[in-house]
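Descriptive analysis of the structure
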Amino acid sequence: MADLHSNFLGIHSPNPFWLASAPPTDKEYNVERAFQAGWGGVVWKTLGLDPHVVNVCGPRYSTLRGADRRILGLNNIELITDRSLETNLEEIARIKQRWPDRAVVVSIMVPCEEEAWKWILPQVEATGADGIELNFGCPHGMSERGMGAAVGQVPEYIEMVTRWCKQYCRLPVIVKLTPNITDIRYPARAAKAGGADAVSLINTINSVMGVDLDQMLMTPHTGNQGSHGGYCGPAVKPIALNMVAEISRDAPTRGLPISGIGGISTWRDAAEFIALGCGTVQVCTAVMVHGFQIVRDMISGLENYMDEKGFRTLEDFRGMALGSVTDWRYLNLNHVEKAVIDQTSCIKCGRCHLVCEDTSHQAISTSLMGERHFAVREEDCVGCNLCASVCPVENCISLRHLQPGEVDKRTGIVVSDQYANWTTHPNNPMATTA
Ligand SMILES: Cc1cc2nc3c(=O)[nH]c(=O)nc-3n(C[C@H](O)[C@H](O)[C@H](O)COP(=O)(O)O)c2cc1C
Ligand code: SF4
Ligand code: SF4
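Residues numbered from 1 in each chain as written. Chains lettered and ligands numbered in written order. Predicted model: local features only at pLDDT ≥ 70, side-chain atom pairs only at ≥ 80, totals over all residues.

Basically, it comes down to this: UniProt positions are given in the numbering used here, feature names are shortened, and annotations may be inferred rather than shown by experiment.
As named in an unreviewed UniProt entry, the chain is dihydrouracil dehydrogenase (NAD(+)), taken from Kosakonia oryzae. The Sequence similarities (unreviewed entry) field of the UniProt record for the chain holds the comment "Belongs to the dihydropyrimidine dehydrogenase family." Check the Function (unreviewed entry) section of the UniProt entry for the chain; it says "Involved in pyrimidine base degradation. Catalyzes physiologically the reduction of uracil to 5,6-dihydrouracil (DHU) by using NADH as a specific cosubstrate. It also catalyzes the reverse reaction and the reduction of thymine to 5,6-dihydrothymine (DHT)."

Dropping the structure here:
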């Protein structure tokens, strides 16, 4: 049977599923029930200095839904904890005492001043917590006050504050990064330079959810004004995976432990983050939408998958998919694929024809002997995958890899078994000789 036990920076948890710093972790009552449900760890809702912040009393959350009403994205304008530091610290200490086998990491955000960090760190350490996470990611409200993403967008600040934390605290330091930046590798490098033990990512993405066209007001709004919020949930997972992979394969940060966050709703999402190098994963939106119990499915699903694949521990497959992520210029230009339509499952809706006709390569015919019939003309198909992406029937359209020696009917060229990429291609003015 697979062993899901996780050892992240010496912080042990029975499984890699942690709750991200957010409303589900903002008080003892919640965390107690989360641990009863089986969560391996929590990152406590971000602590700040007293007097504590004040949230708006109006819509804090709003969602983007698909046609079937499933929630694809969540937007929030919530700040850090709006309870006193003392109350939070007492509750953290009690939780850690009652749940010694679970990971309890405390998220912190205080002004970018050495004295502020020096003052709060020993108090957090005294709770018995296992680690701290520096919230350099919150993109709304707190960033206007020079904290959160305002720090995460300046690598020099990240390095400076991380260094203070390493100096004034003995606990492992996890730096939580903002995705609201052009190149995620720079803040990650800065965190490492400051001595961070790990990074976690992503925090939420700047977003405005919509506009009420009758009232001409952005939505949601408080009174008649709104401000941008942070976006998360399933829609952000691809962005998070890319950023995780960027950091994992960047030479200066290679090997830096990562806690993956962003749109994780199932064991499969979690396994993907682990396969790209993450040691633990953190979940927020999925729990806000479905409740703490979803961890049961996550645990059993991951166990089943690992058993099926013969992975005994998380380390057996952590980072295993990373080697498949590369730069575009290294992709094999001799690799050729063609779309194939399975006629037995095709419902003849015509969507594949429409998209290929109006966007791609006009490679799908619509009739055969006077009957409605959709088929791919290989002499036009470039294997772009658009038809398969829009087809409403699962697995009805697949892509076939042409074997070396076969003729590509579009180009008339025999498919080569040689790997050849853009760096050496004759059309590349900068080509180098192989
Ligand atoms: C309502 C809400 C409040 C949040 N509060 C915090 C916070 O206090 N500190 C923090 O580091 N991240 C906070 N986050 C960000 C989450 O921890 C997480 O990074 C983000 O939601 C992406 O994960 P998800 O897609 O699973 O939601 C908050 C997110 C939401 C939705
Ligand atoms: S989109 Fe799919 S189901 Fe519709 S016609 Fe094309 S292959 Fe058939
Ligand atoms: S893979 Fe692209 S080019 Fe080929 S049939 Fe589908 S949409 Fe057209």
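Now that the structure is up, let's keep going.
**Re the site of ligand 1**
Basically, it comes down to this: The criterion for a residue being near a molecule or strand is simple: its C-beta atom, placed using the backbone, must lie within 6 Å of it. Secondary structure follows DSSP: runs of H or I at least 4 residues long count as helices, runs of E at least 2 residues long count as strands, and numbering of each begins at the N terminus. Under this grouping Gly is polar, as are all residues other than the nonpolar Ala, Val, Leu, Ile, Met, Phe, Trp, Tyr, Cys and Pro and the charged Asp, Glu, Lys and Arg.
In the neighbourhood of ligand 1, 28 residues make up the surrounding shell, with A20, N76, C232, C284 and T285 lying closest. At the level of secondary structure, the elements contributing two or more residues to the shell around ligand 1 comprise strand 4 (41–47), strand 6 (71–76) and helix 9 (285–290). Residues belonging to the shell around ligand 1 are distributed by class as follows: 13 nonpolar, twelve polar and three charged.

**A word on the environment of F8**
Applicable threshold: Here, residues touch in the contact sense if the C-beta positions derived from the backbone fall within 7 Å of one another.
With respect to the helices, strands and loops of the structure, F8 is situated in strand 1 (residues 6–8). Note: C-alpha distance between F8 and G279 (271 residues apart in sequence) is 6.1 Å. Those residues in contact with F8 that sit more than four places away from it in its chain are P257, S259, G279 and T280.

**Section: helix 10 (residues 294–309)**
Filter applied, for reference: Between the first and last residue of a helix there are one fewer steps than residues, each counted as 1.5 Å, and that sum is the expected span. Here exposure depends only on C-beta density: within 10 Å of a residue's C-beta, 20 or more other C-beta atoms make it buried, 12 or fewer make it exposed, and intermediate numbers make it partly exposed, the C-beta atoms being placed from the backbone. By arc we mean the arc of the directions from the helix axis to the C-beta atoms, nothing more.
For helix 10, spanning 16 residues, the distance from its first C-alpha to its last is 23 Å, which sits close to the expected 22 Å at 1.5 Å a residue. All of the buried residues along helix 10 are I294, V295, M298, I299, L302 and M306. Projection of helix 10 onto a plane perpendicular to its axis shows the buried side chains occupying an angular sector of 140°, all on one side. Set apart from the buried face of helix 10 by more than 90 degrees, the exposed residues are R296, S300, D307 and E308. Tucked into the core, helix 10 has its buried residues touching strand 3 (17–19), helix 1 (28–37), helix 8 (267–275) and helix 9.

**Describing the sheet that holds strand 7 (residues 103–108)**
As a reminder, the rule being used: At least two bridges found by DSSP between two strands is the condition for calling them paired. For helices, the fitted line uses only the C-alpha atoms of the stretch in contact; every axis is such a line through C-alpha atoms, and the angle between N-to-C directions lies from 0 to 180 degrees.
The strand order around the closed barrel formed by eight strands is 3-4-7-8-9-10-15-16, and the pairing between neighbours is parallel. The sheet shows a mean angle of 25° between the axes of neighbouring strands, taken without regard to direction. Note that strand 10 (residues 198–201) and strand 15 (residues 258–261) share three bridges and pair parallel. Paired with L201 across the two strands is G260, which belongs to strand 15.

**Examining the packing of helix 3 (residues 114–125) against helix 5 (residues 155–168)**
Selection rule: Crossing chirality is assigned from the near helix's rotation relative to the far helix, an anticlockwise turn below a right angle marking it left-handed and a clockwise turn marking it right-handed.
For the pair helix 3 and helix 5, interaxial distance at closest approach is 10 Å and the crossing angle is 35°. The handedness of the crossing between helix 3 and helix 5 comes out as right-handed. On the side of helix 3, the interface is formed by E114, W117, K118 and L121, while helix 5 contributes V161, W164, C165 and Y168.

**Side note on the sheet that holds strand 11 (residues 205–207)**
Read from one edge to the other, the open sheet built from four strands follows the order 5-6-14-11, with strand pairing classed as antiparallel. Sheet topology places strand 5 (61–65) and strand 11 at the edges, where each strand pairs with a single neighbour. For this sheet, the mean angle separating the axes of adjacent strands, direction not counted, is 35°. Two elements, strand 6 and strand 14 (residues 229–232), share three bridges in a ladder whose sense is antiparallel. Bridging across to strand 14, N75 finds its partner in Y231.

**So, the domain arrangement of the chain**
Applicable threshold: Where a domain begins and ends is set by an automatic assignment or by a domain database.
Split into domains, the chain comes out as domain 1 (6–324) and domain 2 (329–424). The centre of domain 1, based on its C-alpha atoms, is set 41 Å off from the matching centre of domain 2.

**Structural notes on the pairing of strand 6**
One ladder, built from five bridges, connects strand 5 with strand 6; its direction is antiparallel. Counted as the bridge partner of L64 is G73 from strand 6. Counted along the chain from strand 5 to the antiparallel partner strand 6, the turn is five residues long, and its residue R69 has a positive phi close to 75°.

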